[in-house]
Amino acid sequence: MITCDSLVYQPFQPTGDVLACDGVSIQSIVEHAGTPTYIYSARAIRESYRAIDDAFASYPHAIHYALKANSTLAIVRLLRSLGSRVDANSGGEIRVAERASFAPQDIVFTGVGKTRDELEYAVAAGVGTINAESAGELDRIAAIARGQGRVARVAVRVNPDIDPKSHPHISTGLKTNKFGVPLQEARAIYRARRETNGLRFVGVHIHIGSQITTLEPLTHAAESLVSLALELRDDGFTLEHVDLGGGLGIAYEGRPTISPADYAGAVTPELRRAGIPVVLEPGRAVVGYSGALVARVVDTKCFPDGRKFAVLDAGMGELIRPALYGSFHRIVPVAVHAGAESAWDIVGPICESSDVFARDRMMPPLEVDDLVAILDVGAYGSVMGSNYNRHLLPAEVLVDEGTWTTIRRRQTLEDVLALET
Ligand SMILES: Cc1ncc(COP(=O)(O)O)c(C=O)c1O
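All of the points below concern the structure found in this document. Predicted, not measured: the structure shown is a model, and the values here were computed from it.

On to the overall build of the chain, then. Within the chain, the secondary structure is distributed over 13 helices and 21 strands. Scaling as 2.2 N^0.38, a compact globule of 421 residues should have a C-alpha radius of gyration of about 22 Å, and the chain matches this with 23 Å. Its C-alpha atoms put the chain at 70 × 55 × 40 Å along the principal axes. Counting only residues that meet the buried cut, the chain has 55% of its 421 residues in that class. A fraction of 69% describes how many contacts in the chain between residues 6 or more apart in sequence connect residues 24 or more apart. When the accessible area of the chain is evaluated, it comes to approximately 17,200 Å², of which 50% is carbon and sulfur surface. The average position of the 41 basic charges and that of the 51 acidic charges among the side chains of the chain differ by 6 Å.

Assignment of secondary structure puts Arg-321 in helix H12 (residues 321–325). Ignoring sequence-local partners within four residues, the contact set of Arg-321 consists of Tyr-252, Arg-284, Gly-326, Ser-327, His-329, Ala-379 and Tyr-380.

Ordered by their spatial adjacency, three strands build an open sheet running S1-S2-S3, and the pairing between neighbours is antiparallel. Both edges of this open sheet fall to strand S1 (12–15) and strand S3 (24–25), since each of them pairs with a single strand only.

To continue, consider the environment of Leu-293. By the secondary structure assignment, Leu-293 is in strand S14 (residues 291–302). Along the primary structure Leu-293 and Ile-130 are separated by 163 residues, whereas in three dimensions their C-alpha atoms are 34 Å apart.

Looking now at the packing of helix H9 (residues 215–234) against helix H10 (residues 260–274). H10 packs onto H9 with a crossing angle of 15 degrees between their chain directions and a minimal axis gap of 9 Å. The orientation of H9 relative to H10 falls into the category roughly parallel. Like other packed secondary-structure pairs, H9 and H10 cross with a definite hand, here right-handed. Residues Leu-215, Leu-218, Thr-219, Ala-222, Glu-223, Val-226, Ser-227, Leu-230 and Arg-233 of H9 pack against Asp-262, Tyr-263, Ala-266, Val-267, Glu-270, Leu-271, Arg-273 and Ala-274 of H10. When its residues are assigned to classes, the contact of H9 with H10 shows 10 nonpolar, two polar and five charged.

Of all residues adjacent to the ligand, which total 15 residues, the nearest are Ser-210, Gly-247, Glu-281, Arg-284 and Tyr-380. At 3.2 Å from a nitrogen atom of the ligand is found a side-chain nitrogen or oxygen belonging to Asp-87. Summarising the interface, the protein chains cover 93% of the accessible area of the ligand, which totals 390 Å² for the free molecule. Of the residues in the shell around the ligand, the class split is three nonpolar, seven polar and five charged.

A word on helix H8 (residues 183–192). Where H8 is concerned, the buried positions are Ala-186, Ile-189 and Tyr-190. Seen along its axis, H8 keeps its buried residues to an arc of 95 degrees; they face one direction. For H8, exposure combined with an orientation more than 90 degrees from the buried face picks out Gln-184 and Ala-192. Contacts made by the buried residues of H8 are with helix H7 (135–148), strand S9 (152–159), strand S10 (181–182), strand S11 (199–206) and H9.

With that out of the way, let us pick up the environment of Asn-131. Positionally, Asn-131 belongs in strand S8 (residues 129–132). A relative accessible area of 0% places Asn-131 in the buried class. Distance in space between the C-alpha atoms of Asn-131 and Ile-75 is 24 Å, their sequence separation being 56 residues. Those residues in contact with Asn-131, other than ones at most four positions away along the chain, are Val-108, Phe-109, Thr-110, Lys-114, Glu-137, Ala-155, His-205, Asp-243 and Glu-281.

Moving on, we come to the packing of aromatic side chains. For the coordinates displayed, the defined rule picks out six aromatic pairs. Between Tyr-190 and Phe-201 the ring centres are 4.9 Å apart and the planes differ by 45 degrees, which places this aromatic pair in the tilted class. Residue Tyr-190 is located in helix H8, and its partner Phe-201 is located in strand S11; the two are separated by 11 residues in the primary sequence. Among the aromatic side chains, those forming a connected cluster through ring pairs are Tyr-190, Phe-201 and Phe-237. Above the ring of Tyr-121, the side-chain terminus of Arg-95 is found at 3.8 Å from the ring centroid.

Thresholds applied
Residues numbered from 1 in each chain as written. Predicted model: local features only at pLDDT ≥ 70, side-chain atom pairs only at ≥ 80, totals over all residues. Heavy atoms only, no water. Helix = DSSP H or I, 4+ residues; strand = E, 2+ residues; numbered from the N terminus. Rg over C-alpha atoms; globule rule 2.2 N^0.38 Å. Buried < 20%, exposed > 50% of the residue type's maximum accessible area, 1.4 Å probe, protein only. Contact = heavy atoms within 4.5 Å. Areas by Shrake-Rupley, 256 points an atom, 1.4 Å probe, with all protein chains shown as cover. Lys, Arg positive; Asp, Glu negative; His and termini not counted. Charge placed at Lys NZ, Arg CZ, Asp CG, Glu CD. Pairing = 2+ DSSP bridges. Axes fitted to C-alpha atoms, helices over the stretch in contact; angles between N-to-C directions. Parallel < 35°, antiparallel > 145°, perpendicular 65-115°, else oblique. Left-handed = near helix turned anticlockwise from the far one by under 90°. Nonpolar A, V, L, I, M, F, W, Y, C, P; charged D, E, K, R; others polar. Near = heavy atom within 4 Å. Polar contact = N/O pair within 3.5 Å; in protein donor to acceptor, adjacent residues only side chain to side chain. Arc of directions from axis to C-beta. Phe/Tyr/Trp six-rings, centres within 6.5 Å; stacked < 30°, edge-to-face > 60°. Lys NZ or Arg CZ within 6 Å of the ring centre and 35° of its normal.

Right, dumping it as structure tokens:
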């Protein structure tokens, strides 16, 4: 077990008295870009991607970056330039991948509840693999493929009933979760459809959850999947890959977690039992550390019992993870005022008491108009944004080699109202 903090490149560091991203002053960015704004480091994405790729260098593998973590086009294009392929979780994400010039065969299409339209689109596009979530979905894919005169490349997502020891809301491989088919039923589902026209079984798929910080559940999942692949080989299936999904956690609180090298070291002995190439679908571990949400303090208040609030211009509409999962994010002032640290509640402006980023967080003195950066929000941050309270989606900026560019402009009220009569 190692601490990611000591090994992983941390893009947000003070330069002189003020916080910078890869050496570019945050203050200078928001002078132009305004607040709230997501700022990403291209270097952090490159380094995290390469750490995973290097960790699996000794075993045939393909990284299919999970678009759901962050699908802003410029970031997706950056990942393509690194050699990544993608995991798409909806028809929308398939189209984003196409917009970013991914070839259809480099897309795996996963996701519970794929609609008929989405399946028709995926089959017609010829995506690399459709990870089917049920026997019924396989049959629908087969019918669609026959109707189009095509053969769909498929895998079945299995649910192994393994506890990933993560937050319950992001556990996906327990028998109480809606995902996949029970592991013990998978072999029969493959066998029963071996001769089905329209289907070609190319893999097996598993994804037991996200933000996993111990090796045991991941090794257990790999072991279950490889055992199934070996059984299917005995049954005469020629599988091209086993897909381990994503799930590798990051050290939000600086706590020990597992590194890509730990992960690869634990699962490759399992993979070698079958010798079939592995597909990996990391999301958080690729982009998590790369992003900060920079917001401005718009109010401060102190209650008689001494509780102090700093109200930001960003809230759960810009970053819902703390409200949704009680997740922890480091929060740092962009410029630090002299004075003793004290406990602050850092909150958003939304009319919900759950709109809280941190409680009793020790911070230096905070004043109205100060800038703060909420760190480690590159994954499951901006993608989960909403217009609740008619807040507008923030701008997004990418810092690369000393310069920054706006990769998504700030939404305007006109953008939002354009959909309404
Ligand atoms: C099927 C699938 N693959 C990959 C991922 C990416 O997971 P993570 O961001 O934890 O690596 C997810 C996210 O939940 C997923 O559902």
